[in-house]
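Letter by letter, the chains look like this.
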Amino acid sequence: MATAGKVIKCRAAVIWEAGQMPSLEEVEVAPPRTHEVRVKIVATGICGTDNHVRAGFFPDIDYPVIAGHEAAGIVESVGPEVTICESQNLMPDKTSRFTCKGKQVYHFLWTSTFSEYTVMPEASIAKIDNAAPLEKVCLFGCGFSTGYGAAINTAKVEPGSTCAIFGLGGVGLSVIMGCKTAGASRIIGIDINKEKFAKAKELGATECISPNDFNKPIEKVLVEMTGLGVDYSFEVIGRIDTEIAALASSRLGSGTCVLVGAPPSGSELTFDPKLVLTGRKLIGSFLGGWKLKEALPKLVSDYLNKKCNPDALISHTLPFEKIAEGFELLHTGKSIRCVLLF
Ligand code: NAD
Ligand code: ZN
């Protein structure tokens with residue numbers, strides 16, 4: 001590549017401060033160093049976690065930052081000794097490869113895919129089948145793999161079981177797909193935005209409810225609907241109150257509650273210990289419990305072999321320049337996944 005070893009100037013979306021929309025800028029992307037890879041991003045989704053970065057949910061993140069972590073692209077160049085695979089706000093050597101207007105710009109999750117070119121540690125990328133449509137399989141980078149894996153790897157949902165999914169965004173809907181694949185017989189979707197219900201039912205929810213339609217706590221409603229509670233509950237929003245509601249709605253004696261949503265950094269989860277003393281399990285799931293570097297190529301070949309299909313999660317496709325619109329769509333609950341194309 002003619003650009004190998006050189007600084008590349010390209011478009012990127014910089015979040016200058018917590019609470020601000022990403023702003024389109026020209027950034028300089030330094031060449032990859034040892035064990036790093038520079039990638040030309042082709043397509044990137046906007047995940048709820050990116051929206052948390054925009055909103056300032058994570059005080060441990062430094063700004064200005066380039067968010068984005070759910071993407072597909074093409075390797076442009078590699079640094080020396082690429083054979084391998086703390087804070088992911090800087091590269092592992094504690095420096096940044098991005099500058100904008102003479103200022104260092106921070107990385108996010110060692111990916112920063114809201115940039116036409118980005119540098120990542122080799123560990124953060126996975127090689128997938130050349131035949132895969134990048135504008136679709138970018139969702140395997142986070143949203144789909146996270147939700148689907150939370151059901152099949154973390155919870156290990158069993159055939160005939162009852163599941164409740166709190167939050168029907170891209171990740172929650174992927175949990176529904178995982179529960180359906182695992183053979184759950186009853187899948188209850190919960191969201192305050194009823195516009196999410198149609199898609200949830202299309203993907204496998206057997207019923208959907210809004211906490212706003214009841215004058216009692218949603219966990220009581222779920223226990224009444226199911227007898228002793230659901231076999232598996234999933235919190236896929238990122239709120240403490242719904243984490244406790246999810247735990248309390250799991251089945252007395254044997255239920256499993258899986259935390260997937262990311263609450264603001266520093267939050268504390270406090271609940272009556274009786275909830276777990278009475279036999280419920282509380283577990284967290286990060287990126288669906290996969291070792292993504294190995295699992296992602298297999299998931300993508302499953303997609304190519306039509307064994308799983310997250311296409312239905314893509315509600316919008318926009319040119320990268322419209323990233324602020326993409327965030328607005330997610331923030332206002334109008335999109336599931338908006339894929340940005342470079
Ligand atoms: P999203 O914003 O698309 O979806 C969130 C959904 O929750 C929306 O449909 C919203 O209407 C609903 N909601 C909000 N408040 C609610 C309430 N009080 N009761 C019921 N529903 C409510 O986000 P997403 O991309 O689906 O991500 C979901 C969460 O998962 C985020 O917190 C994100 O940071 C987290 N996440 C975690 C991992 C992981 O590895 N654990 C990976 C990706 C995303
Ligand atoms: Zn994500």
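The structure this text deals with has already been given above.
To keep things clear, this report deals only with the structure shown in the data block. Please read all numbers here as calculations on a predicted model, not as lab measurements.

Considering helix H6 (residues 218-226)
Phase 1: Every buried residue of H6 is listed here: Ile218, Val221 and Leu222. Each buried residue of H6 lies within a common arc of 95° when the element is viewed along its axis, so the set occupies one face.
Phase 2: Tucked inside the fold, the buried residues of H6 contact strand E8 (162-166), strand E9 (186-190), strand E10 (207-209) and helix H7 (240-248).
Phase 3: Two residues or fewer past H6, Gly227 is found with a positive phi of approximately 100°.

A few points about the pairing of strand E1 (residues 8-14)
Phase 1: With five of seven residues buried, E1 lies mostly within the body of the structure.
Phase 2: Bridge count between E1 and strand E2 (residues 23-29): seven bridges; the pairing is antiparallel. Across the sheet, Cys10 pairs through a bridge with Val27, a residue of E2.

Notes on the side chain of Ser249
Phase 1: Among the secondary structure elements, Ser249 is positioned in the loop between H7 and strand E12 (256-259).
Phase 2: Classification of Ser249 by relative accessible area gives buried; the value is 0%.
Phase 3: In this structure Ser249 touches Phe166, Glu219, Leu222, Val223, Gly229, Val230 and Ser233, once residues within four positions along its chain are discounted.

Regarding unusual backbone geometry
Phase 1: Looking along the chain, the bond that leaves Tyr63 and enters Pro64 is cis, with omega of -5°.
Phase 2: Tracing the backbone through its elements, the reader meets Pro64 in the loop between helix H1 (48-55) and strand E4 (70-78).
Phase 3: One non-glycine residue, Lys94, lies in the positive phi region at around 70°.
Phase 4: Owing to a relative accessible area of 53%, Lys94 belongs among the exposed residues under this scheme.

Considerations on the site of ligand 1
Phase 1: Around ligand 1, the surrounding shell holds 28 residues, and the nearest of these are Thr49, His52, Asp191, Ile237 and Leu287.
Phase 2: Here Gly48 contributes a backbone N or O atom positioned 2.8 Å from an oxygen atom of ligand 1.
Phase 3: In this structure, an oxygen atom belonging to ligand 1 sits 3.0 Å away from a main-chain N or O atom of Val171.
Phase 4: When contributions to the shell around ligand 1 are tallied by element, the ones reaching two or more residues are H1 and helix H4 (170-181).
Phase 5: It is H1 that provides the largest number of residues to the shell around ligand 1, a total of three residues.
Phase 6: Here the residues of the shell around ligand 1 are counted per class, giving twelve nonpolar, twelve polar and four charged.

Conventions used here
Residues numbered from 1 in each chain as written. Chains lettered and ligands numbered in written order. Predicted model: local features only at pLDDT ≥ 70, side-chain atom pairs only at ≥ 80, totals over all residues. Heavy atoms only, no water. Buried < 20%, exposed > 50% of the residue type's maximum accessible area, 1.4 Å probe, protein only. Helix = DSSP H or I, 4+ residues; strand = E, 2+ residues; numbered from the N terminus. Arc of directions from axis to C-beta. Contact = heavy atoms within 4.5 Å. Pairing = 2+ DSSP bridges. Near = heavy atom within 4 Å. Polar contact = N/O pair within 3.5 Å; in protein donor to acceptor, adjacent residues only side chain to side chain. Nonpolar A, V, L, I, M, F, W, Y, C, P; charged D, E, K, R; others polar.

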